[in-house]
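# Fold and contact review
One-letter residues, chain by chain:
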Amino acid sequence: MKQSEELTIFSGQFSLERLPKIQKNKLRAWDAADELILTYLHEQKLLSNLINPVLLVNDAFGALAIALHEIERHSWSDSLLSHQATTENLQRNNIQAENYQPVQSIDPLPATYDLVLIKIPKTLALLEYQLSQLKPHISVNTTIIAAGMSKHIHTSTLNYFEKIIGATTTSLATKKARLIYSQHNQQAAAKIGYPKTIIDEALDLQLSNHANVFSKDSLDIGARFMIEQMQQYLPEQRNCQHIIDLGCGNGVLGIIAKRLQPQAHISFIDESYMAIDSAKTNFNQNIQSDQNRSDASFLTNDCLEKWNNKADLILCNPPFHQAHSIGDQIAWKMFRQSKDQLNKGGELWIIGNRHLAYHSKLKRLFGNCQTLASNKKFVVLKAY
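Because the structure is a prediction, the values reported are computed rather than measured. (Residues numbered from 1 in each chain as written. Predicted model: local features only at pLDDT ≥ 70, side-chain atom pairs only at ≥ 80, totals over all residues. Heavy atoms only, no water.)

## A short note on the overall build of the chain
Tallying secondary structure elements over the chain gives eleven helices and 20 strands in all. On the principal axes, the C-alpha backbone points of the chain span a range of 65 × 45 × 40 Å. Relative to its 384 residues, the chain shows a buried fraction of 54%. Taking the contacts inside the chain whose residues are at least 6 apart along the sequence as the reference set, 68% of them involve residues at least 24 apart. With the model as given, the accessible surface of the chain reaches about 17,600 Å², and the carbon-plus-sulfur share is 47%. Side-chain charges in the chain split into 39 positive and 36 negative, and the spacing between the mean points of these groups amounts to 7 Å. (Helix = DSSP H or I, 4+ residues; strand = E, 2+ residues; numbered from the N terminus. Buried < 20%, exposed > 50% of the residue type's maximum accessible area, 1.4 Å probe, protein only. Contact = heavy atoms within 4.5 Å. Areas by Shrake-Rupley, 256 points an atom, 1.4 Å probe, with all protein chains shown as cover. Lys, Arg positive; Asp, Glu negative; His and termini not counted. Charge placed at Lys NZ, Arg CZ, Asp CG, Glu CD.)

## What about the packing of helix α10 (residues 329-341) against helix α11 (residues 358-366)?
Relative to each other, α10 and α11 sit at 30°, their axes nearing to 10 Å. Classified by the angle their axes make, α10 and α11 are roughly parallel. Taken as a pair, α10 and α11 cross one another with a handedness that is right-handed. Between α10 and α11, the contacting residues are Ala331, Trp332, Phe335, Arg336 and Lys339 on the first element and Tyr358, Lys361, Leu362, Leu365 and Phe366 on the second. Looking at the contact of α10 with α11 residue by residue, the class counts come to seven nonpolar, no polar and three charged. (Axes fitted to C-alpha atoms, helices over the stretch in contact; angles between N-to-C directions. Parallel < 35°, antiparallel > 145°, perpendicular 65-115°, else oblique. Left-handed = near helix turned anticlockwise from the far one by under 90°. Nonpolar A, V, L, I, M, F, W, Y, C, P; charged D, E, K, R; others polar.)

## Structural notes on the side chain of asparagine 89
With respect to the helices and strands, asparagine 89 occurs in helix α3 (residues 80-92). Under the relative-accessibility criterion, asparagine 89 is labelled buried at 0%. Within the structure, asparagine 89 has its side chain in polar contact with the backbone oxygen of phenylalanine 61 (distance 2.8 Å). With sequence-adjacent residues up to four places away left out, asparagine 89 is seen in contact with Ser15, Leu16, Glu17, Phe61 and Ile66. (Polar contact = N/O pair within 3.5 Å; in protein donor to acceptor, adjacent residues only side chain to side chain.)

## Here we look at the sheet that holds strand β14 (residues 296-300)
Strand order in the open sheet made by the seven strands is β14-β13-β12-β15-β18-β20-β19, with mixed pairing throughout. The open sheet is flanked by β14 and β19 (369-374), the only strands paired with a single partner. Here the strands of the sheet are splayed against their neighbours by 15° on average, with no regard to which way each runs. In the sheet, strand β15 (residues 311-316) pairs with strand β18 (residues 342-353) via five bridges, with the strands oriented parallel. For cysteine 316, the partnering residue across the bridge sits in β18 and is isoleucine 350. Those strands touched by helix α6 (residues 221-233) are β15, β18, β19 and β20 (378-383), and its axis lies near 140° from that of β18. (Pairing = 2+ DSSP bridges.)

## Some thoughts on the packing of α6 against helix α7 (residues 252-260)
Helix-helix packing is described using two parameters, namely the angle between the two axes and the distance between the axes. Running from N to C, α6 and α7 cross one another at 15°; their axes reach a closest spacing of 10 Å. The angle between α6 and α7 places the two elements in the roughly parallel class. Of the two elements, α6 crosses α7, and the hand of that crossing is right-handed. On the side of α6, the interface is formed by Ala223, Met226, Ile227, Met230 and Gln231, while α7 contributes Val252, Leu253, Ile256, Ala257 and Leu260. Split by residue class, the contact of α6 with α7 holds nine nonpolar, one polar and no charged.

Without other data, these values stay purely geometric and don't point to any function.
Written as structure tokens, this is what we have:
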């Protein structure tokens, strides 16, 4: 396991670690954009004489919260892992947490703010939503600074700040990172259409998707291909009593599973607060029976961490990235934990991109892995 690394900044030296904890992880718990924004705050003396809490937005693993530990700060994120990582890194550095308050993405902001620090998220829809929700909690006296790697800051990124917050400029690039400065303009406004409703007539589904839900504008083609195989093979399955939709997103796989195996309890699990909220809404509006609607659970969780409720079937459309970093480390954590949480005779069904070559590794992990279907882009596998 890779040891934590040291972030050296004006307020001290801090040991930071990413979550999930993955063997041979070469990525740090912060990036040059974190360092740039912290250096700018110190050089411009923006941390003195603050009356209200500082708002940190999308602070991935707590680098900002730890470096600014001497002031009151709220951390607003859609990621349970981000909040957990911050808490663990506070403890790792023996920093008391009384000045730190995590805020879930689906909850209203609890204060007004004089200083707002934003890490640019991967999903521009999430940025649009966050800026619109932020607007009532700032004033012309609020300092708003965003930071990101230069390759992730586009004209469309700046347009959202201009449209929703007000006049926006950027810094020069430093170590391939850049700052965005935005000035509150009371007249600036934008109509925000989130959660977004989509209707899939072929599957008789009406889905409500939050801004950070994957493929929020339509049912993604991977999930649709998986559903085709579920419709073909799942009715032949012995009666499942417990099915897990792991990394559930908007919950569509679990919803279809409930229709095909109505006696089963469905557990929806995701680390995104918006995903779980969307899954709960979608399950309730697409499952007609009151009794069936009550036969489901929804959990914001780090994969199957600290989970001890075994299942007969686990459905998984695993991620191949974490924010801007690409990799299959989270997918393999899901697969390993699934093996431990299946009942005897239980199965893990996954939908994945063909190029990720899951088949051979799943066969080594489980002992058996069968291809249910494949096309030019995707493969549906059953491991048991």
